[in-house]
There are 2 protein chains.
Amino acid sequence: MASFIWKGQICDSQDRNTLRVRENHYLVCVEDRCMGVFPTLPEQYRALPLEDMGDRLIIPGMTDLHIHAPQFSFRGLGMDMELLDWLNTHTFPEESKYRDLDYARRAYSQFTAHLRRSETTRACVFATVHVPATTLLMELLEESGLVSYVGKVNMNRNGPLYLIEPSTIASVRETRRWLEDTAGRFARTKPILTPRFIPSCTDDLLYRLADLRAEFGVPVQSHLSENLGEIAWVRELVPTAQNYGDAYRKFGLLGGETPCIMAHCVYSDEAEMELLRDGGVFIAHSPESNMNIASGVAPVNRFLDLGIPTGLATDVAGGSHESLFRAMTHAIQASKLRWRLLDQSVPPLTFDTAFYLATRGGGAFFGDVGAFDPGFALDALVLDDGNLDHPQPLSVRERLERAAYLGDERNIYAKVVNGLRLF
Amino acid sequence: MASFIWKGQICDSQDRNTLRVRENHYLVCVEDRCMGVFPTLPEQYRALPLEDMGDRLIIPGMTDLHIHAPQFSFRGLGMDMELLDWLNTHTFPEESKYRDLDYARRAYSQFTAHLRRSETTRACVFATVHVPATTLLMELLEESGLVSYVGKVNMNRNGPLYLIEPSTIASVRETRRWLEDTAGRFARTKPILTPRFIPSCTDDLLYRLADLRAEFGVPVQSHLSENLGEIAWVRELVPTAQNYGDAYRKFGLLGGETPCIMAHCVYSDEAEMELLRDGGVFIAHSPESNMNIASGVAPVNRFLDLGIPTGLATDVAGGSHESLFRAMTHAIQASKLRWRLLDQSVPPLTFDTAFYLATRGGGAFFGDVGAFDPGFALDALVLDDGNLDHPQPLSVRERLERAAYLGDERNIYAKVVNGLRLF
């Protein structure tokens, strides 16, 4: 268990509207937990090792609420399609390769190495249907020091025969085998149930996954209301549901005892948003993906007004890049176009809110994570923005905004996840 | 005058819809001009020095049709405002600092160093009202090896007293002094008339600038139809004009003998677009800027359908970054949201079209520039994408798309501008 002190220019989110900047303060970590941020070092911590980060910025680690590990291999490619065509043309053929464990090792090692170097400290990850490759991905993520939930994907219909699972029984059996193997095995890496989306799973499979959810006490992640064609399809597939979200609820996979994440929610109406709020469901807002596959823009400030827990996601490979800095700036940019072109009732995101989403907002899925409040898990990044030159003095706040727009992994000088220093 | 041969994976645009990929071909440069691209090396060039770029990509240099050099110092900052407030709060105070030549040297040296390392080989640059600093910027750009047009800005109304020029006479006198000093002085760097925009310039100043345009035969750059508040203001200021573009035309600054660039054109209606087409005016499409200051999205494919010459622009510091790769991906993303949220009559931009805009489209402002056609000026980049790892084979075309989404200046292995090798 790690105990240490960092001194530097400390920034975190107090709430969705308030970026806290504490200059030349001390961040104290005792046994992997944040003790708080102090202008002078309290007497009781004077014996702890102190590292002076000088003029560098110290910020909370960031949470990526939705990323597809097997799609990392084709990030930045094939962006000229909408969701359903994009799945059939690019995604499904690539995901089928993870049947081959050698290929999976090569690809997942690259994914994990990039994620380790990125702003991300915690992530909720989709794998593929394949249990051996999914377990391998969990081993690699565990070794990386990152904290994650990883999902073996379930899909037993409406996909190519070379990829989908041959039956409900096979899908449930494999999922159970995987849960039994991994549920208690890792310190930092946990399984999460991952039905791909309603069109990919038969009703009986969804009911059986809800049974596994109850039996193993694991959380759930899936996709919701990303694209208009998808929504119309779900309406046909589950005609008794009030809306797409209600379909998950009917099958026992939204709301209830264990936490849920739903990615996108671009087209959630008021009834669906109420369902998400009442179920405590986290929305994984994926702005770059929603631009790249021409889905639209989710009304993020509306989610926050309603009290729906919301965080950011890169959604690689709908999104091209694993950087949550990029996700922050894409979220701001997309929200401005939504406001300008579609709906002036939902104001654009400010920088402060985007930073909140990337840190505290998404971090909450993992508990007390994503800020430097006393008692929070200690996830932190040290940013060195020395290469972002400028001719005039800048405030710490300005330097943080600039780092989000212009920085990349070269600017991450140090990274701690749950007290563990990765570099 | 440079003559050389590069061998590699050669990509350029044939037209707005057609990306040409020629693998393991020879690109021949004789006396700064492209002789073409050949599958085997023609006999007459066998004596020229050959560099084998191996599996690297060779692409044309890119043209940035609109960038503000003095705003580079606050790139990535203050993105929470619309145009007119943003000018008053951020832009004008910063631009006033360029009265101080020491500050200008520090800031413009940083700007020029970044531009030299970027994808940009040619640029159309706004400076400030200050002649000494503008001339200094031209000297620095000339030394960099880049090819550029640089404009001393004119503004004598509706700006802060600490920045605007005190009278029409003073503005014209300074502009004449600057043109006489710089019009024939540099090999690679030329002056361009730069009224900031209609609201910044009195009618008599605009008429006098048209006189200077005729006298010196210099081109013109300005801003057009970026923001709804700005357009309403211009309607009040020039009530006799049919539209904003027509106001420039009436003053003798749009259409006519020398080339023009108008940045943005987000809200140009059909009449204004016809005016631009008939005047051969280049549109500098600035997608990131148009998102960041919530202007909207220009209908780029409509411009191209009408035959209006169009290129890409970073518009730093409305845009945060000098990278034209980023401008390409922002252009695609913004066009998809425009299509999804506003208007399905104008299709989104494909990757091929975005690449065309960044190379051949904008390059045409400089003549035969932006492709590897025989007779074109030799502007080229060599891309090394070795750090963009992937587990599977990728085609050259896929590697180019990926480099645009994921690459940065680290991927630029070599750069030639008009035959001159910069690195």
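Residues numbered from 1 in each chain as written. Chains lettered and ligands numbered in written order. Predicted model: local features only at pLDDT ≥ 70, side-chain atom pairs only at ≥ 80, totals over all residues. Heavy atoms only, no water.

A.B. asks: Please clarify how the overall build of chain A should be interpreted in this entry.
C.D. replies: Helix and strand content of chain A: 13 helices and 17 strands. What you see for chain A is a C-alpha radius of gyration of 21 Å, in line with the 22 Å of a compact globule of 423 residues. Along the longest, intermediate and shortest principal axes, the C-alpha atoms of chain A span 60 × 50 × 35 Å. The buried share of chain A, taken over its 423 residues, is 68%. Nonlocal contacts in chain A, meaning residues at least 24 apart in sequence, comprise 75% of its contacts between residues at least 6 apart. With 42 positive and 55 negative side-chain charges, chain A shows a separation of 2 Å between the mean positions of the two kinds. (Helix = DSSP H or I, 4+ residues; strand = E, 2+ residues; numbered from the N terminus. Rg over C-alpha atoms; globule rule 2.2 N^0.38 Å. Buried < 20%, exposed > 50% of the residue type's maximum accessible area, 1.4 Å probe, protein only. Contact = heavy atoms within 4.5 Å. Lys, Arg positive; Asp, Glu negative; His and termini not counted. Charge placed at Lys NZ, Arg CZ, Asp CG, Glu CD.)

A.B. asks: I would appreciate a short explanation of empty space enclosed by the protein in the present structure.
C.D. replies: Regions of empty space are outlined by a rolling probe, equal in size to a water molecule, passed over the atoms. If you walk through the whole model with that rule in mind, you get eight cavities of 30 Å³ or more. Here the largest cavity is characterised by a volume of approximately 180 Å³. Of all the secondary-structure elements, those providing two or more residues to the lining of the largest cavity are α11 (324–341) and α13 (396–406) of chain A together with α11 (324–341) and α13 (396–406) of chain B. If one sorts the elements of the lining of the largest cavity by residue count, α11(A) sits on top with five residues. The class makeup of the residues in the lining of the largest cavity is five nonpolar, nine polar and four charged. (1 Å grid on protein atoms, 1.4 Å probe; cavity = no way out; pocket = protein on both sides within 12 Å on 5 of 7 lines; lining within 4 Å. Points joined across faces, edges and corners; volume = space filled by probe spheres on them. Nonpolar A, V, L, I, M, F, W, Y, C, P; charged D, E, K, R; others polar.)

A.B. asks: Sorry if this is basic, but what is going on with the layout of surface pockets here?
C.D. replies: Approximately 300 Å³ is the volume found for the largest pocket. Lining the largest pocket are 17 residues, and of these A:H114, A:H321, A:E322, A:E409 and B:R410 lie nearest its centre. Each residue belonging to the lining of the largest pocket can be placed in one class, and the counts come to two nonpolar, six polar and nine charged. In this model, the second largest pocket occupies a volume close to 260 Å³. Lining of the second largest pocket is provided by 18 residues; of these, A:R410, B:H114, B:H321, B:E322 and B:E409 occupy positions nearest its centre. Its residues placed into classes, the lining of the second largest pocket shows two nonpolar, seven polar and nine charged.

A.B. asks: Would you take a moment to explain the sheet that holds strand β17 (residues 420–421) of chain A for this structure?
C.D. replies: Strand pairing in a sheet takes place through backbone hydrogen bonds and is either antiparallel or parallel in direction. Residues and elements named next belong to chain A. Reading across the sheet, the seven strands line up as β3-β2-β1-β4-β15-β16-β17 and stay open at both edges, with mixed pairing between neighbours. Edge positions in the sheet fall to β3 (33–38) and β17, since each of these pairs with one other strand and no more. Strands in contact with helix α12 (residues 351–363) are β1 (4–15), β2 (18–30) and β4 (50–60); relative to β1, the strand with the most contacts, it is inclined by about 115°. (Pairing = 2+ DSSP bridges. Axes fitted to C-alpha atoms, helices over the stretch in contact; angles between N-to-C directions.)

A.B. asks: Looking at this structure, how should I read the packing of α11(A) against α13(A)?
C.D. replies: Geometry of a packed helix pair, given as the angle between the helix axes and the separation of the axes. All names here are of chain A. It is at 7 Å that the axes of α11 and α13 come closest, and there the two elements cross at 95°. Comparing the axis directions of α11 and α13 gives the class roughly perpendicular. Here F325, M328, T329, I332 and Q333 of α11 lie close against α13, whose contacting residues are A403, A404 and Y405. Class assignment for the residues of the contact of α11 with α13 results in six nonpolar, two polar and no charged. (Parallel < 35°, antiparallel > 145°, perpendicular 65-115°, else oblique.)

A.B. asks: Sorry if this is basic, but what is going on with the relation of the copies chain A and chain B here?
C.D. replies: Each of the two chain copies can be brought onto the other by rotation about an axis and movement along it. Its rotation angle being 180°, the transformation that places chain A on chain B also includes 0.0 Å of axial translation and leaves an RMSD of 0.0 Å. Such a combination of turn and shift is consistent with a two-fold rotation axis. Taken as a fraction of all interface residues of chain A, those also at the interface in chain B reach 100%, which identifies the copy contact as same-surface. (Least-squares fit on C-alpha atoms with pLDDT ≥ 70 in both.)

A.B. asks: Quick question: what am I supposed to make of the packing of aromatic side chains here?
C.D. replies: For any pair of aromatic rings, geometry is given as the distance between the ring centres together with the angle between the planes. Under the criterion given, the structure shown has 26 aromatic pairs over all chains. With 5.4 Å between their ring centres and 35° between their planes, A:Y149 and A:F366 make a pair best called tilted. With A:Y149 in strand β7 (residues 147–151) and A:F366 in the loop between α12 and β15 (380–383), this residue pair connects regions lying 217 residues apart in the sequence. Centre to centre, the rings of A:Y244 and A:Y248 are 5.6 Å apart; their planes meet at 15°, and the pair counts as stacked. Remark: A:Y248 and A:Y244 occur in helix α7 (residues 244–250); sequence separation between them is four residues, near one turn of the helix. Judged by its relative accessible area of 3%, A:Y244 is buried. Given a relative accessible area of 0%, A:Y248 falls into the buried group. Three or more aromatic residues joined by ring pairs form one cluster here, namely A:Y149, A:F282, A:F365 and A:F366. In this structure, A:R117 packs its charged tip against the face of A:F423, placed 4.2 Å from the ring centre. The aromatic ring of B:Y413 is capped on one face by B:R56, whose charged end is 3.7 Å from the ring centroid. (Phe/Tyr/Trp six-rings, centres within 6.5 Å; stacked < 30°, edge-to-face > 60°. Lys NZ or Arg CZ within 6 Å of the ring centre and 35° of its normal.)

A.B. asks: Hey, could you run me through the pattern of salt bridges in this one?
C.D. replies: Working definition: two side chains of opposite charge can pair if their charged atoms are close together. If you walk through the whole model with that rule in mind, you get 60 salt bridges over all chains. Among the ionic pairs, A:R177 bridges to A:E174, the shortest N-O distance being 3.0 Å. Of this pair, A:R177 and A:E174 are both found in helix α4 (residues 168–182), three residues apart, which corresponds to roughly one turn of the helix. On the accessibility criterion, A:R177 (45% relative accessible area) is partly exposed. A salt bridge links B:D408 to A:R410; the shortest N-O distance between them is 3.6 Å. Here A:R410 lies in the loop between α13 and β16 (412–417) and B:D408 lies in the loop between α13 and β16 (412–417), a pairing that spans two chains. Bridged by salt links that share partners, the residues A:D408, A:E409, A:R410, B:D408, B:E409 and B:R410 form one connected network. (Salt bridge = Lys/Arg side-chain N within 4 Å of Asp/Glu carboxyl O.)

A.B. asks: I keep staring at the UniProt feature "domain: Amidohydrolase-related" (unreviewed entry) in chain A and nothing clicks. Help me out?
C.D. replies: When the UniProt feature table is mapped onto this chain numbering, "domain: Amidohydrolase-related" (unreviewed entry) sits at residues 58–419 of chain A. Secondary structure across residues 58–419 of chain A divides into 43% helix and 15% strand, with the first and last C-alpha atoms of the span separated by 14 Å. (UniProt positions renumbered as here; feature names shortened; annotations may be inferred.)

A.B. asks: How should the sheet that holds strand β5 (residues 62–68) of chain A be read in this particular structure?
C.D. replies: Residue and element names in this part refer to chain A. Read across the sheet, four strands follow the order β5-β6-β7-β9 without closing on themselves; strand pairing throughout is parallel. Both outer strands of the open sheet, β5 and β9 (189–191), are each paired with one neighbouring strand and no more. Neighbour-to-neighbour, the strand axes of the sheet open up by a mean angle of 20°, direction not taken into account. Strand direction decides the pairing type here: strand β6 (residues 120–126) and β7, joined by five bridges, are parallel. Following the sheet pairing, A123 is matched in β7 by S148.

A.B. asks: Just to check I follow, could you spell out the pairing of strand β1 (residues 4–15) of chain B for this structure?
C.D. replies: Within a regular strand, side chains alternate between the sheet's two faces. Residues and elements named next belong to chain B. With nine of 12 residues buried, β1 is to be regarded as a mostly interior element. Looking at chain direction, β1 and strand β2 (residues 18–30) are connected through 10 bridges and run antiparallel. Following the sheet pairing, D12 is matched in β2 by R20. Where β1 folds back onto β2 in an antiparallel hairpin, the turn is made up of two residues. Relative to strand β4 (residues 50–60), β1 runs parallel, the two sharing five bridges. Within β4, the residue paired with I5 across the bridge is L50.

A.B. asks: What am I meant to see in unusual backbone geometry here?
C.D. replies: Phi is mostly negative for residues that are not glycine, and the peptide bonds are mostly trans. With an omega of 10°, the peptide bond between A:V316 and A:A317 qualifies as cis. With respect to the element layout, A:A317 can be found in the loop between β14 (310–312) and α11. The phi dihedral of B:D32 is positive, around 70°, even though this residue is not glycine. Take B:D32: it is sitting in the loop between β2 and β3 (33–38). Positioned with a positive phi, B:D315 is a non-glycine residue whose angle comes to about 45°. Within the element layout of this structure, B:D315 appears in the loop between β14 (310–312) and α11.

A.B. asks: Before we go on, may I ask you to explain α13(B) in this structure?
C.D. replies: Since the α-helix turns once every 3.6 residues, residues separated by three or four places project in the same direction. With respect to burial, α13(B) is a largely interior element, nine of its 11 residues being buried. Those residues of α13(B) that fall on the buried side of the exposure criterion are B:V396, B:R399, B:L400, B:E401, B:R402, B:A403, B:A404, B:Y405 and B:L406.

A.B. asks: Explanation requested: the side chain of A:H114 in the structure shown.
C.D. replies: Note that A:H114 resides in helix α2 (residues 101–117). Side-chain polar atoms of A:H114 contact the side chain of A:E322, separated by 3.2 Å. The contact partners of A:H114, leaving out residues within four places of it in the chain, are A:F72, A:R75, A:E322 and B:D389. (Polar contact = N/O pair within 3.5 Å; in protein donor to acceptor, adjacent residues only side chain to side chain.)

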